[in-house]
Amino acid sequence: MTEYSEISEKSSEKREKVRAMTVTYVVDGGLYINVTNRCTNRCDFCIRNNGDGAYGSESLWLEREPTEEEILESVWSMNPEKFGEVVFCGYGEPSVRLGVVRSVAERIKERYPEIKIRINTNGQSDLILGYDSAPLFKDVFDSVSISLNAPTAERYQEICHSIYGDKALESIINFAKNVKNYVQNVKFSLVRESLTAEEIKECYNISEECGVPLRIRDLIT
Ligand code: SF4
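This structure is a prediction, so every number in the text was calculated from the model and none was measured.

Cut-off values and rules
Residues numbered from 1 in each chain as written. Predicted model: local features only at pLDDT ≥ 70, side-chain atom pairs only at ≥ 80, totals over all residues. Heavy atoms only, no water. Helix = DSSP H or I, 4+ residues; strand = E, 2+ residues; numbered from the N terminus. Buried < 20%, exposed > 50% of the residue type's maximum accessible area, 1.4 Å probe, protein only. Expected span 1.5 Å × (residues − 1). Near = heavy atom within 4 Å. Nonpolar A, V, L, I, M, F, W, Y, C, P; charged D, E, K, R; others polar. Pairing = 2+ DSSP bridges. Axes fitted to C-alpha atoms, helices over the stretch in contact; angles between N-to-C directions. Contact = heavy atoms within 4.5 Å.

(A) The arrangement of the side chain of Thr-121 in detail. In this fold, Thr-121 is placed in strand β4 (residues 116-121). Residue classification places Thr-121 among the buried residues on the basis of a relative accessible area of 2%.

(B) Molecular detail of helix α6 (residues 167-179). With 13 residues, α6 should cover 18 Å at 1.5 Å per step; its first-to-last C-alpha distance of 18 Å lies within 8% of that length. The set of residues buried in α6 consists of Ala-168, Leu-169, Ser-171, Ile-172, Ile-173, Phe-175, Ala-176 and Val-179.

(C) Representation of the site of the ligand within the structure. Every residue close to the ligand is listed here: Cys-39, Asn-41, Arg-42, Cys-43, Phe-45, Cys-46, Arg-48, Gly-92 and Asn-122. A class-by-class count of the residues in the shell around the ligand yields four nonpolar, three polar and two charged.

(D) Up close: the sheet that holds strand β3 (residues 85-88). Strand order across the open sheet formed by seven strands is β1-β2-β3-β4-β5-β6-β7, with mixed pairing between neighbours. Looking at the sheet topology across the chains shown, the edges are occupied by β1 (24-27) and β7 (214-217). Strand-to-strand twist across the sheet, computed as the mean angle between neighbouring axes with direction ignored, equals 25°. Note that β3 and β4 share four bridges and pair parallel. Among the inter-strand pairings, Val-86 is bridged to a residue of β4, identified as Ile-117. Of the strands in this sheet, β2 (30-33), β3 and β4 touch helix α3 (residues 98-111), which is tilted by about 165° from β4.

In structure tokens:
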């Protein structure tokens, strides 16, 4: 009995710690999952430059990356059936943990097949993994939102400072073209304030060539 209580206490302490790390948070009726603070970019407009959280959340800086089980524990504790959508967004780039993200998404789908699952990504998973990552998005993700951010490699680098340098944008565009073969709803996005009207027009051209719609969003302050 004592042993059981101790285990129970330990596991509830652990749960508190995971909660303290803010693995899940709510934005506009969606359940957001924060799996990592790592990212291959340092975007000028990144929300992380201005604070610790997003949309009124607690701090999204993680003291360490949560394990797959810890992520799921946090998801189940939020009663995901209450939410229309689950979004892997991170306070970082979720595709740096694509294996874990996919596995968590699979388990959410198994338990709640009706829940829509989206991943918000910088689109650099081919470069991160070193191979065509698009097939890994099949079956579990209903939507993929890819940050396009700029019309040329040079402008992308000026704004997003990718560790992959000039290779980043081309790879993002290729990924977008490929992933729409596996996921029904794929969109590009960009931040209005980062670009000129002419550059936004060029981004629309890229979106048209790829057959991937473009969403223009406002800078989050
Ligand atoms: S890709 Fe996203 S998380 Fe990474 S620096 Fe840019 S805005 Fe921030």
